[in-house]
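Structure at a glance
Residue strings, one per chain:
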Amino acid sequence: MSNKDYYIRWLRLKEQFQQTLMEDERIQELAVNMIGIKPQATAVEIVARAYAKYCDIYNKLCDCYDQMTQVQRRPYIKKIIDALTCRIVELKRTLEEVEVFEYTYTDNALQQMLIKPHDIDIICPFFYPFEIRQAEMQHIMDEIFSGNRIGDPTPTPSEIERREELKREEEERLREEREAEVKRRLALGLDLESETSIQLTPAELEELRLQQEYDTNINNIQRMERARIITRESAHKKLKDENLYLELSGCKKPPAKLDLRTKAAKLIQRILNKFMEVKRKRIRDNKLKEKLDMIMTSFRQPSAKEQLEKVKEVRRNYRRAYYEKFLEQNTKEKARVLRLREGNIMEDISDELRQWFEEWFNNVHVFDEFPYPDEGGSILIVKGETFTIDEYVEWKDAEEKRIKAEAGAPKTKEQIKAEKMAEREEKKRLAFEAKEKEKKRIIDYKKSRMSPDNDPGIYFLISENLAALQLAWASYEGQWKNIDEPDAGLNAIKGHMLELMTEIAYMECNVELRPIVDEAMRLELDILKQALKRDYESVGLKVPMTQKRKKPKKIKPPKPEKVSPQVMFQSLADEGIVRQYPRLTLDEYWGERNYAAADCRAVLWTPTFPEPCLGDVKEQVKIRCILTLGATCPGINRTQLLVGPKGAGKRSLIYAIATETNALLIDLSPMHIYNKFPGPKNTKTMFTYINKISRMMQPTIILVDGVDKMFYKAVPKEEKMFDPQRLSKDFFKEIIKPIGVNDKILVLGTATEPWLAKTAKMVKVFPSTIMIPRSDYASISFILTDILMKYHGVDREFNVHSCAQVLRGYDINTIRKVVEKLLAGKRRAELAFKPLDPYEIVEGVLSDPNGVCTDAFDADMFKQWYLSYSTWGVKYQEYMLMLESQLIYKQKADKKKKG
């Protein structure tokens with residue numbers, strides 16, 4: 001799209017965002033006023049509509065932020081995206097509370113809005129990988145991962161001399177060995193081999209390998225073609241000799257009668273014509289089905305996503321060029337404003353502060369304290385964060401009353417101490433009463449929901465992030481409302497606007513010059529205070545009291561690191577704690593969504609709760625992991641535990657999350673670090689390195705593969721030598737607790753047998769869980785279709801459904817490997833005359849020794865553990881009890897009506 005198209009799209013997106021924001025505000029009115037919504041399906045649709053609209057807007061905002069070439073608008077869009085991220089995570093949480101489970105379904109709301117589920121899939125933001133990590137840190141990562149050692153300490157001169165000596169000794173040893181080998185060969189009369197060897201670079205070795213592979217394939221094709229020609233000629237000669245022998249010996253049968261041969265020829269023609277007719281009809285039907293997307297072709301079109309990415313990269317280059325011009329022009333404009341308006345700016349600030357002095361003197365005949373420089377100085381006065389005159393009068397009256405009351409009977413230290421203790425106890429009592437009152441309210445609410453007649457409905461959660469979203473939007477509108485017009489100038493569409501640049505440059509100059517003016521105005525205020533004091537003393541009065549400002553603590557500059565990032569990163573990389581990982585994407589994690597769950601759950605009083613499918617896991621991962629990794633929301637959960645059977649794809653999901661966000665992977669798996677940094681002191685050093693590197697190199701993902709082993713109830717004998725519980729004691733204190741609101745760090749764990757772990761300790765570290773279900777019919781059908789249809793010889797209507805029914809529960813990786821192994825080489829060549837049978841795939845999977853099957857019993861075991869581990873288990877049981885109670889009340893009411 002052109003710049004004009006993106007601008008028009010942005011104007012439409014603004015309207016859509018304003019409408020959605022108004023709808024969200026109405027939801028918050030229901031939440032604040034405690035207005036219940038019933039039935040549950042209605043409440044789900046209300047929240048799901050806002051959630052789906054925000055997801056759609058989020059995707060469009062990320063695209064606009066990535067592709068927009070108007071430099072000055074992009075920072076405002078980034079703020080909106082950050083605030084919207086927190087609101088989406090919060091709405092997902094609200095939707096979970098309404099649906100009483102972690103897997104939520106918005107299908108009914110999407111049907112009303114005529115939106116496909118694919119349209120609200122959260123895309124992985126472009127700015128995560130490329131706008132968080134510093135270029136210097138990225139360079140360190142690239143260099144060390146490519147094999148260059150940049151973290152080793154600088155050797156001393158003696159160390160360099162020692163290394164040179166060792167190198168010379170090694171060369172001398174090799175020379176002596178070569179000479180001895182030459183003498184031995186001469187003594188035995190053997191030929192001398194050439195000692196020259198060519199050292200090839202990795203790129204040249206790869207090129208040589210590809211050339212050898214190409215030559216091998218060419219030779220195979222030539223050999224097969226020669227064999228085919230020789231076989232054809234040999235068979236032709238054999239038949240010719242046999243025919244000649246029979247003819248000369250008189251044993252050859254006479255030809256059939258002419259009419260019989262004519263009938264046979266007509267029969268063959270009729271069958272051939274019928275065959276060709278059926279073949280042409282089948283080709284027409286296949287073409288029609290291909291156009292209707294009923295079947296898949298073996299020919300895969302070039303990825304539209306990759307083509308689009310190339311086009312986007314071209315626009316990014318234009319955007320970067322515009323940004324460089326903007327920075328250059330901004331520096332010049334700031335210097336110009338500072339040169340021409342420096343005196344005026346300082347005079348304006350001085351007049352503003354003098355007016356503040358006059359207001360205080362004219363109204364209360366006293367001056368307020370000037371804010372300290374560490375607080376921000378006069379910026380606090382401009383923002384209105386200091387005492388107003390009315391607030392000062394109230395404070396003064398209250399302080400005079402307090403002093404007057406204490407003047408008659410001064411309090412002792414013991415009385416003051418007792419009062420403070422009583423005040424603390426009173427706060428505790430009020431907090432306890434509020435807590436008990438809230439408990440009682442929740443109990444009464446649950447009791448009232450047992451009867452459909454008294455059911456108050458579902459209350460929505462009060463948002464803590466909507467205000468930030470409104471503020472980000474108001475900030476944008478305040479700057480751009482009058483500029484965003486359909487007929488805006490070219491500078492509002494691409495590049496930058498000089499007017500805004502001048503305004504921002506003036507503001508930045510104001511901020512830079514204000515501390516200088518503050519110092520002068522503090523001196524002037526001291527002179528005024530001294531003069532005021534003399535005036536009061538001349539009439540025999542004291543200066544009215546003012547509240548003394550607490551001097552803020554000086555922020556200590558960070559101490560320089562004793563160990564450089566290169567050394568820390570190199571140490572972790574040498575031990576394999578920081579490592580590279582397979583590059584996967586979420587699109588490579590196959591699975592289909594559960595499209596029946598929304599309707600099943602919406603049934604009044606008697607809903608059913610079908611198991612989630614593999615495709616539902618991706619939504620959980622995108623919200624809880626990818627969005628959470630880049631979010632700056634207070635109270636957001638930075639740890640996730642992925643639980644599922646062996647081969648469910650837990651590690652693949654973690655690698656996909658790391659790939660999508662270009663995150664650094666730190667592996668703290670118990671079976672991986674058992675021999676890394678041994679000893680308490682070295683373990684402390686390891687934690688220090690990990691905490692510092694994870695923040696320097698963020699975004700960072702800390703992987704703990706085998707969390708159940710880290711928190712074992714009883715360590716198996718065969719694993720005691722690995723000490724899997726080594727980090728369990730200090731893991732929360734050293735890794736989880738230091739993670740701040742602005743840190744782009746995510747801790748992901750996996751567990752295959754979670755019931756073997758201590759629940760309390762594991763919940764403290766991983767309170768949130770993503771349960772990966774066993775493979776289902778829909779997901780296996782989708783996967784088999786995608787794998788098989790890339791083979792040209794496979795029937796386009798191959799019966800994948802019977803295979804999917806039989807293979808439910810088997811891990812996806814086994815199915816993929818079996819199909820690829822089955823259709824390799826000879827079997828693929830036979831597909832033209834020996835069609836693939838579903839039994840072959842089923843037999844291959846069933847006979848695979850490495851295959852993992854999760855049956856219904858195993859799946860139920862995971863489910864029971866999950867309900868006992870997660871907080872949703874208790875909520876789910878209470879919800880089912882409420883539904884049962886409401887159904888009983890309803891049946892009794894129906895009987896009374898009939899009676």
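By convention here, each chain's residues receive numbers from 1 onward along its written sequence. The predicted origin of the model limits local features to residues at a pLDDT of at least 70 and limits the giving and counting of side-chain atom pairs to 80 or more, whereas totals for whole chains, interfaces and linings rest on all residues. Note: side-chain values were computed over all heavy atoms of the structure, leaving out hydrogens and water.

This next bit is on the overall build of the protein. Strands are runs of DSSP state E lasting at least 2 residues, helices are runs of H or I lasting at least 4, and numbering of each runs from the N terminus. The secondary structure content of the protein amounts to 30 helices and five strands. Remark: exposure states derive from per-residue accessible area (1.4 Å probe, protein chains only) relative to the maximum for the residue type, with buried under 20%, exposed over 50%, and partly exposed in between. Put simply, the protein has 899 residues, and 38% of those count as buried. In the protein, the proportion of contacts linking residues at least 24 apart, taken out of those at least 6 apart, comes to 83%. Throughout, a residue-residue contact means that at least one pair of heavy atoms, one from each residue, lies within 4.5 Å.

Turning to the state of the cysteines, a few remarks are in order. A disulfide bridge is the covalent bond that connects two cysteines by way of their sulfur atoms. For the purposes of this analysis, a disulfide is any pair of cysteine sulfur atoms at a distance within 2.5 Å. What the rule picks out here adds up to one disulfide. Linked covalently through their sulfurs, C86 and C633 form a disulfide whose S-S length is 2.0 Å. Because the torsion about its S-S bond is -100°, the bridge between C86 and C633 counts as left-handed. Remark: C633 occurs in the loop between α18 (614–630) and β1 (639–643) and C86 occurs in helix α3 (residues 74–99); sequence separation between them is 547 residues. In this structure C86 comes out as buried when scored by relative accessible area, which is 7%.

Another point: helix α14 (residues 466–480). Multiply 1.5 Å by the residue count of a helix minus one, and that product is the helix's expected span. The first and last C-alpha atoms of α14 sit 21 Å apart over 15 residues, in line with the 21 Å expected at 1.5 Å per residue. What α14 keeps buried is the set L466, L469, A472, W473, Y476, E477 and W480. Mapping the buried residues of α14 onto a view down its axis gives an arc of 130°, with all of them on the same face. Residues of α14 that are exposed and point more than 90 degrees away from the buried face comprise A467, L471 and G478. Next to the buried residues of α14 lie α1 (3–32), α2 (40–67), α3 and α15 (498–538). Working definition: the arc comes from the directions between the helix axis and the C-beta atoms, pointing outward to the latter.

A few words now on the nonpolar core. Ranked by internal contacts, the top residues of the largest apolar core, which has 102 residues, are L668, F731, L788 and I841. What L788 contacts, discounting residues up to four positions off in sequence, is V794, R796, F798, V800, V819, L823, L836 and I841. Think of a nonpolar core as a cluster: buried Ala, Val, Leu, Ile, Met, Phe, Trp, Tyr and Cys residues, connected wherever their side-chain atoms sit within 4.5 Å.

For the rest of this paragraph, the subject is the pairing of strand β4 (residues 745–751). Within a regular strand, side chains alternate between the sheet's two faces. With seven of its seven residues buried, β4 lies for the most part within the structure. Neither face of β4 is exposed, since I745, V747, G749 and A751 on one face and L746, L748 and T750 on the opposite face are all buried. Relative to β4, β1 runs parallel, the two being bridged by five bridges. Counted as the bridge partner of Q640 is L748 from β4. A pair of strands is considered paired only if DSSP assigns at least 2 bridges between the two. Direction of pairing for strand β3 (residues 700–705) relative to β4: parallel, over a ladder of six bridges. Paired with D705 across the two strands is T750, which belongs to β4.

Look at helix α19 (residues 650–661): 17 Å from first C-alpha to last across 12 residues, which is about the 16 Å you get at 1.5 Å a residue. Every buried residue belonging to α19 is among K650, L653, I654, Y655, A656, I657, A658, T659, E660 and T661, and all of these are buried. Two residues or fewer after α19 comes N662, characterised by a positive phi angle close to 50°.

Attention shifts here to the pattern of salt bridges. In the sections that follow, a salt bridge refers to a side-chain nitrogen of Lys or Arg positioned within 4 Å of a carboxyl oxygen of Asp or Glu. Inspection of every chain in the model, using the stated rule, returns 61 salt bridges. Between E97 and R93 there is a salt bridge, with its nearest N and O atoms 3.2 Å apart. Within this pair, E97 and its partner R93 are both found in helix α3, separated by four residues, close to a single helical turn. By relative accessible area, R93 is classed as partly exposed at 37%. The partner of R579 in a salt bridge is D667, and the shortest N-O contact between them spans 3.0 Å.

Before going further, it helps to examine the sheet that holds β3. With respect to topology, five strands assemble into an open sheet ordered β2-β3-β4-β1-β5, the strand pairing being parallel. The open sheet has two free edges, formed respectively by β2 (664–667) and β5 (769–771), since each of these has just one partner strand. In this sheet, neighbouring strand axes are inclined to one another by 25° on average, regardless of whether the strands run parallel or antiparallel. A fitted line through C-alpha atoms represents every axis, and for helices the fit uses only the stretch in contact; the resulting angles, taken between N-to-C directions, go from 0 to 180 degrees. Lying on the sheet, helix α20 (residues 680–696) is in contact with β2, β3 and β4; it crosses β2 at an angle near 165°. In the packing of helix α29 (residues 856–869) onto the sheet, the strands contacted are β1 and β5, and the crossing angle to β5 comes to about 160°.

Patch membership is restricted to residues that have no salt bridge and whose relative accessible area is over 30%. Joining uses 9 Å for like charges and 5 Å for the nonpolar side chains Val, Leu, Ile, Met, Phe, Trp and Tyr. For accessible areas, the Shrake-Rupley method is used with a probe of radius 1.4 Å. Any residue's cover is judged against the shown protein chains and nothing else. In this tally, Lys and Arg are treated as positive and Asp and Glu as negative; His is ignored, and so are the chain termini. A single reference atom marks each charge: NZ on Lys, CZ on Arg, CG on Asp, CD on Glu. Taken together, K729, K733, K737, K758, K761 and K764 make up a surface patch of like positive charges. For K761, the position within the fold is in helix α23 (residues 759–765).

Alternating residues of β2 divide into L664 and I666 and L665 and D667, and every residue in both groups is buried. Sheet topology note: the β2/β3 ladder contains four bridges and is parallel. Opposite D667, over in β3, you have L703 as the bridge partner.

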